[in-house]
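# A structural walkthrough
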Amino acid sequence: MSSSHRMPFIDALKALASQLIVLHHLAFYGPLSDQAQELAPGLISWLSQNGRYAVQAFLVIGGFLAARSVAPAGLLLARSPLGLLWRRYLKLVTPFLVAVLVAIASAALARQLMSHYSIPEWPTTGQVIAHLFLLHGILGYDGLSAGVWYIAIDFQLFVLFVGVLWLARRVQRPERAGPLPAVLLVGALAVVSLYHFNRNGDWDNWGIYFFGSYALGIAACWATDPKRLVGWLLPAAGVVLVALVIDFRPRIAVALFVALSLVLARVGGLLEDWPRSRLVSWLGRISYSVFLIHFPVCLLISGLFVRFAPPSAWVGAAGVLIAWLGSVLAGALFHRFVETAADRRLLVRLPAIGAVRNGQTA
């Protein structure tokens, strides 16, 4: 999509979140960050423990962009919900599977360079098939790369949202169609998620666990209409605040902050006009590719440093920096030659499936 149709504020959030995820995995898994620990113990500890909350930005943005694309006024635009889901599956899975193959090869090379708990074992056939159908978490298989759980969750959330929209359309007459049924159903599912499922870690392989954050993005999109701003956004924020009082979860607090930021940016006219930075825009565009490919790159660079470089704090810090920059470069190449190419083939093969494209895709 041309840059003229992009939203710089969302690009900025994506850029920041994707870079924090890369640094989180570098800090959490090591081994280079273990060596560099003495140089910046507070920073590395913070990235290791709290950097994961950046994924909440992706959840909220995913909900915002899904609503903007398939139901900007609370009514499902697509005639064929199944076709819409198939298109979404292909959009996610095509680059995802390429990244999984790269991860398998990188893990095999990394095992020759070092012995470390972060290196995935050689996959079984069932494990690969489960990844193909985005069922690896549900079926209890270990991920073949860091963060691959999110791809499955993103698809589950999209399925839940489209299913709710389809149900809302079915329960009302076409001549009296309005957004209220969808709003009520999304709100009910969000309440169940926030007050029950999200408080039980046993559900974290299922989309319902994360639907509260996703629904905040949906609400942020629907509430940007001035007529709905107070009547829709305040109740949504109130429900989340009460959930935080009952059981404070930093991840939900981050999601609420991101959602409110999107609303304020839209109301204030910043969503499509700020920041005006080519670097930030570029980092936002390649964020999904960086997310997919960074861990195999970090594994290989870590293995090379462990095998050939003397262990020291400064060497470890240099390795972290090189792995970080290498992840961005690999993400840029992956975006150009895999993600973008896959999107173009998808547009050619399935030009009429789904809803009207409105702004960025999720």
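As a convention, each chain's residues are numbered from 1 in the sequence order in which they are written. Confidence filtering applies because this is a predicted model: local features only for residues at pLDDT of at least 70, side-chain atom pairs given and counted only at 80 or more, and all residues used for totals across whole chains, interfaces and linings. Only hydrogens and water are removed before side-chain values are computed, so all heavy atoms of the structure are retained for them.

Our focus in this paragraph is the nonpolar core. What is meant by a nonpolar core is a set of buried Ala, Val, Leu, Ile, Met, Phe, Trp, Tyr and Cys residues, joined one to another through side-chain atoms within 4.5 Å. To sort residues, take the accessible area from a 1.4 Å probe on protein chains only and compare it with the maximum for the residue type: under 20% means buried, over 50% means exposed, and anything in between is partly exposed. By size, the foremost hydrophobic cluster in this structure holds 104 residues, and its most contacted members are Phe64, Ile151, Phe161, Phe211, Trp222 and Leu262. Among the elements that line this core, the one with the most residues is helix α7 (residues 148-170), at 13 residues. We call two residues in contact when some of their heavy atoms are within 4.5 Å. In this structure, isoleucine 151 is in contact with Leu92, Phe96, Leu134, Tyr288, Phe291 and Leu292, ignoring residues within four places of it in sequence. Ala110, Ile119, Ala146 and Leu299 belong to the second largest nonpolar core, which has seven residues in total. Helical segments are the DSSP runs of H or I of at least four residues, strand segments are the runs of E of at least two, and each set is numbered from the N terminus.

Here the focus is the pattern of salt bridges. Two side chains that carry opposite charge are able to pair once their charged atoms sit near each other. Here, a salt bridge means any Lys or Arg side-chain nitrogen found within 4 Å of an Asp or Glu carboxyl oxygen. What the rule picks out here adds up to five salt bridges. The closest approach of N and O atoms between lysine 91 and aspartate 343, which form a salt bridge, is 3.3 Å. Here lysine 91, found in helix α5 (residues 81-113), pairs with aspartate 343, found in helix α14 (residues 313-349); they are 252 residues apart in sequence, far enough to count as distant.

This part covers the side chain of serine 118. As for its position among the elements, serine 118 is in the loop between α5 and α6 (125-132). Contacts described as polar in this section are N or O atom pairs within 3.5 Å, which, within protein, must combine one atom able to donate a hydrogen with one able to accept it, while residues neighboring in sequence count only if both atoms come from side chains. Of the polar contacts made by the side chain of serine 118, one reaches the side chain of histidine 116; its length is 2.8 Å. Residues within four places of serine 118 in sequence aside, it is in contact with Tyr29, Phe295 and Leu299.

The next thing to look at is a nonpolar patch on the surface. Patch building starts from residues that exceed 30% relative accessible area and form no salt bridge, then joins like charges within 9 Å and nonpolar side chains (Val, Leu, Ile, Met, Phe, Trp, Tyr) within 5 Å. The Shrake-Rupley method, run with a 1.4 Å probe, gives the accessible areas here. Residue values count only the displayed protein chains as cover. A cluster of nonpolar residues, Ile129, Leu132, Phe133, Leu135, Leu139 and Tyr141, forms a patch on the protein surface that exposes about 520 Å² of accessible area. With respect to the secondary-structure elements, leucine 132 resides in helix α6.

Before going further, it helps to examine the packing of helix α4 (residues 55-70) against α7. To get an axis, a line is fitted to the C-alpha atoms, and for a helix only the part in contact is used. The angle between two axes follows their N-to-C directions and goes from 0 to 180 degrees. Packing of α4 against α7 leaves a shortest axis separation of 11 Å and a crossing angle of 35 degrees. Classified by chirality, the crossing of α7 by α4 is right-handed. Contacts between α4 and α7 pair Val55, Phe58, Leu59, Ala66, Ala67 and Val70 from the former with Trp149, Tyr150, Ile153, Leu157, Phe158, Phe161 and Leu165 from the latter. In this classification, the charged set is Asp, Glu, Lys and Arg, the nonpolar set is Ala, Val, Leu, Ile, Met, Phe, Trp, Tyr, Cys and Pro, and all remaining amino acids, among them Gly, are polar. Here the contact of α4 with α7 is composed, by residue class, of 13 nonpolar, no polar and no charged. Note: crossing handedness is left-handed where the near helix turns anticlockwise from the far helix by less than a right angle, and right-handed where it turns clockwise.

Moving on: the packing of aromatic side chains. Each pair of aromatic rings taken from Phe, Tyr and Trp, with Trp reduced to its six-membered ring, is defined by centres within 6.5 Å and is described as stacked if the planes are under 30 degrees apart, edge-to-face if over 60, and tilted in the remaining cases. Inspection of the entire model under this criterion finds 16 aromatic pairs. Centroid distance phenylalanine 197 to tryptophan 203: 4.7 Å. Interplanar angle 80 degrees. Geometry classified as edge-to-face. Given a relative accessible area of 32%, tryptophan 203 falls into the partly exposed group. Plain terms: the ring middles of phenylalanine 211 and tyrosine 214 are 6.1 Å apart, the flat faces sit at 40 degrees to each other, and that makes the pair tilted. Here tyrosine 214 and phenylalanine 211 lie together in helix α9 (residues 207-222), a separation of three residues that amounts to about one turn. The exposure class of phenylalanine 211 is buried, given its relative accessible area of 0%. When the ring centre of phenylalanine 158 is taken as origin, the NZ or CZ atom of arginine 88, which lies over that ring, is 5.6 Å away. Only when the NZ of Lys or the CZ of Arg is both within 6 Å of the ring centre and within 35 degrees of the ring normal is a charge said to sit over the ring.

This part is about the packing of helix α1 (residues 8-29) against helix α3 (residues 41-50). Axis angle and axis distance: for two packed helices, these are the angle between their axes and the distance between the axes, and together they describe the pair. Where α1 contacts α3, the two axes come as close as 8 Å, and the packing angle between them is 110 degrees. Considering the angle they form, α1 stands roughly perpendicular to α3. Between α1, through Leu20, Leu23, His24, Ala27 and Phe28, and α3, the contact on the second element is made entirely by Ile44, Trp46, Leu47 and Ser48. When the residues that make up the contact of α1 with α3 are grouped by side-chain class, the tally is seven nonpolar, two polar and no charged. Our angle categories are set so that under 35 degrees counts as roughly parallel, over 145 as roughly antiparallel, 65 to 115 as roughly perpendicular, and the remainder as oblique.

Below, the discussion takes up the confidence of the model for the protein chain. Overall, the prediction assigns the protein chain a mean pLDDT of 92, with 94% of residues at 70 or greater. Predictor confidence is given residue by residue as pLDDT, running from a minimum of 0 to a maximum of 100. Segment residues 352-359: pLDDT under 50, and 20 contacts once partners within four positions in sequence are set aside and those in other chains are kept.

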